[in-house]
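One-letter residues, chain by chain:
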Amino acid sequence: MVCQPDCSGRLFEPMGQPTIDRRFTPRFVLMSTCHSDGSSSKATVFVHAFGCQMNAHEGERLLGMLLDEGYQEALTPDAADVIVLHTCAVREHAVHKVVSEVGRLARLKNARTMLKIGLTGCVAQSDGASLLGMAPGLDFVVGSRAVVRLPSVLRRVAAGERVVDVADGEYLELGLAAARRDSLRAYVTVIEGCDKFCSFCIVPYTRGREYGRPASVIVEEVRGLAAEGFREVTLLGQTVNAYGRKEGGAGEGEVDFPELLARVSAVDGIERVRFVTSHPNYLGEGLIEAMVRLPEVCEYMHLPLQAGADSLLKRMNRGYTVAEYMSRVERLRAAVPDVALVSDFIVGFPGESEREFRATLDAVEALRFASIFAFKYSPRPHTRAERWGDPIPEPVKAERLERLLVAQRRIADEHNQSLIGTLQEVLVEGESSRAPAHLEGRTRTQRRIIFPGPAQPGQRATLRVTGIDRGRLVGRVAATPSHVA
Ligand code: SAH
Ligand code: SF4
Ligand code: F3S
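The rules behind these values
Residues numbered from 1 in each chain as written. Chains lettered and ligands numbered in written order. Predicted model: local features only at pLDDT ≥ 70, side-chain atom pairs only at ≥ 80, totals over all residues. Helix = DSSP H or I, 4+ residues; strand = E, 2+ residues; numbered from the N terminus. Buried ≥ 20, exposed ≤ 12 C-beta atoms within 10 Å, placed from the backbone. Contact = placed C-beta atoms within 7 Å. Near = placed C-beta within 6 Å. Nonpolar A, V, L, I, M, F, W, Y, C, P; charged D, E, K, R; others polar. Pairing = 2+ DSSP bridges. Axes fitted to C-alpha atoms, helices over the stretch in contact; angles between N-to-C directions. Domains from an automatic or database assignment. pLDDT = per-residue confidence, 0-100. Parallel < 35°, antiparallel > 145°, perpendicular 65-115°, else oblique. Left-handed = near helix turned anticlockwise from the far one by under 90°.

(A) Inspection of the overall build of the protein at higher detail. Helices and strands together make up the secondary structure of the protein, namely 13 helices and 24 strands. In the protein, which comprises 485 residues, the proportion classed as buried is 44%. Once local pairs closer than 6 in sequence are excluded, the contacts in the protein between residues at least 24 apart make up 70%.

(B) Region of interest: the site of ligand 1. Taken together, 17 residues form the shell around ligand 1, and within it F200, Q238, P304, D344 and F375 come nearest. Here the residues of the shell around ligand 1 sort into eight nonpolar, six polar and three charged.

(C) Geometry of unusual backbone geometry. Cis geometry marks the peptide bond from V276 to T277; its omega dihedral reads -5°. The topology assignment puts T277 in the loop between β16 (272-276) and α9 (285-293). Although it is not a glycine, N317 adopts a positive phi angle of roughly 60°. Inspection of the secondary structure puts N317 in the loop between α10 (310-315) and α11 (322-335).

(D) Representation of the sheet that holds strand β23 (residues 460-469). Ordered by their spatial adjacency, five strands build a closed barrel running β20-β21-β22-β24-β23, and the pairing between neighbours is mixed. On average, each strand axis in the sheet is tilted by 55° relative to the strand beside it, whichever way the strands run. Note that strand β22 (residues 448-451) and strand β24 (residues 472-479) share two bridges and pair parallel. Pairing of I450 across the sheet is with V474, part of β24.

(E) Structural context of the site of ligand 3. Around ligand 3, the surrounding shell holds 13 residues, and the nearest of these are G51, C52, N55, C88 and C122. Listing elements by their share of the shell around ligand 3, those giving two or more residues are α1 (53-68) and α6 (203-207). If one sorts the elements of the shell around ligand 3 by residue count, α6 sits on top with three residues. The residue inventory of the shell around ligand 3, partitioned by class, reads eight nonpolar, four polar and one charged. For the shell around ligand 3, the domains that each give at least three residues are domain 1 (2-165) and domain 2 (179-418).

(F) Structural view of the sheet that holds strand β15 (residues 232-236). Spatially, three strands are ordered β12-β15-β16 in an open sheet, and the strand pairing comes out parallel. With one partner strand each, in any of the chains shown, β12 (185-189) and β16 form the two edges of the open sheet. Mean inter-strand twist for the sheet, computed between neighbouring axes without regard to direction, equals 25°. In terms of strand pairing, β15 meets β16 through five bridges, oriented parallel. By the bridge assignment, L235 is partnered in β16 with F275. In this fold α1 packs onto β12, β15 and β16, with an angle of close to 100° to the strand it touches most, β12.

(G) Highlighting the pairing of β24. Alignment of β23 against β24, held across seven bridges, turns out to be antiparallel. Each bridged residue has a counterpart across the sheet, and for G467 the counterpart in β24 is V474. From the end of β23 to the start of β24, which pair antiparallel, there are two residues, and R470 there has a positive phi angle of about 45°.

(H) A look at the confidence of the model for the protein. In this model, the protein carries an average pLDDT of 88, and 87% of its residues clear a pLDDT of 70 or more. Throughout residues 1-31 the model reports pLDDT below 50, and contacts reaching past four residues in sequence, or to other chains, amount to 63 contacts. Taken together, the stretch residues 34-39 has pLDDT below 50 and engages in two contacts with residues farther than four places along the chain or on a different chain.

(I) A look at the packing of helix α12 (residues 354-367) against helix α13 (residues 394-419). Running from N to C, α12 and α13 cross one another at 15°; their axes reach a closest spacing of 10 Å. Here α12 lies roughly parallel to α13, going by the angle between them. The handedness of the crossing between α12 and α13 comes out as right-handed. On α13, the residues touching F357, T360, L361, V364 and E365 of α12 are R400, R403, L404, A407 and Q408. Grouping the constituent residues of the contact of α12 with α13 by class yields five nonpolar, two polar and three charged.

(J) Just the packing of helix α8 (residues 257-265) against α9, in detail. At a closest axis distance of 8 Å, the pairing of α8 and α9 adopts a crossing angle of 20°. Taken together, the axes of α8 and α9 are roughly parallel relative to one another. Classified by chirality, the crossing of α9 by α8 is right-handed. In this structure, α8 contributes F257, P258, L261 and A262 to the contact, and α9 contributes G286, L287, E289 and A290. Of the residues in the contact of α8 with α9, the class split is six nonpolar, one polar and one charged.

Structure representation (structure tokens):
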């Protein structure tokens, strides 16, 4: 699979009813909407998150927090009294895109005069008050480090204020009241922020310093999820495998990442544990051993290399060489032979020569990733690389990106073909969106697979891979899912 996610696309399709932790029932109704017949109903809120999985999960938490405050979810923007766009700033035109999105949404105010529109998250944190000037339809701006105060901001907005809050706040713990989009698979944040300061990356400036949630709080959250019927958890962090390393920070001192994996895996009812994103510098023996030892931990590792030339990695401040990356991957593959290795790459970083780019192509050929996410470099405010400008012309970036993707497509096709005939354990998710009367699930290596059944959502089934359909695996049940929980 080759992916080029456009985090800023318009994705306003209804996503189904969220699952709410029932231990957190609404405490009070903050706002109500008055109708012409004198009746009133709860104010409705539409939350849409752009960007990384951490942002997607934070969107679930934001919504959970607002439902807890008495709001009702609107499934589309035009049914909302409050629209919250939880933004991503990682690549170019982020500001421009959200400003034009706000302009588009502000037209809804003609019909819904009380509608309030706001930005939260990374663009809000990075650009703050200036956004109010750029987007006249905007009512509030709440940075990623201030989202915990969103309910109080909304009270001020309801009173007619335009509010900007980008001051530091607490971690968005909010009990466990996330409004989750899925009922089988859940995200659980374990590390907030990032301390790595890669020279191209805005994340440390929008998210702040690394902070690990206490292991006991994480395990408690996972227990609650298992009790609600969730079967799979994905632990989230920008450098998730750094958990427990920061002195006085992540974890509780004695709990490192392999130990956290063990504690989460031990929770009754949790059958699969995943984690993203890993940093190559923290792929040590302990983590590899944990992946071997713990049957719940899936054979999947998102381990961004970013570039294949040491000179580029140095300028990117990544802290490892290509040889070091390769030797860690070699150890991982020796211990976990079926592991699906996934990477991110940036092409067109300032000063990237054709020779350096070819080293990236060589690395992709040598490492044979299951999939990659590849991006054209764009300078970001606050970062060290910003001062080097953006000297690689757009057509060169586009051409390099295309060469990288062509190489990866071939490798992914070969990888797919090698899976035909193999047995795969699948967690059944439900009806296939692609093939009528078929089911769909994911392998332990995070591959989607379509099959005719029989099986029930939430079951694990063993499937034989019989073919490939437009990049997606196709299979049939090889062992009736009787061993299934
Ligand atoms: N924490 C993760 C990455 C988070 S950002 C890690 O360290 O690997 C997700 C991806 O966006 C990065 O891996 C990188 O490939 C890409 N990215 C980040 N900043 C970028 C920029 N300025 N231009 C282009 N791509 C960028
Ligand atoms: Fe950004 Fe680097 Fe931190 Fe990843 S590790 S979030 S690329 S600074
Ligand atoms: Fe984007 Fe912020 Fe995530 S910049 S990638 S939403 S941490």
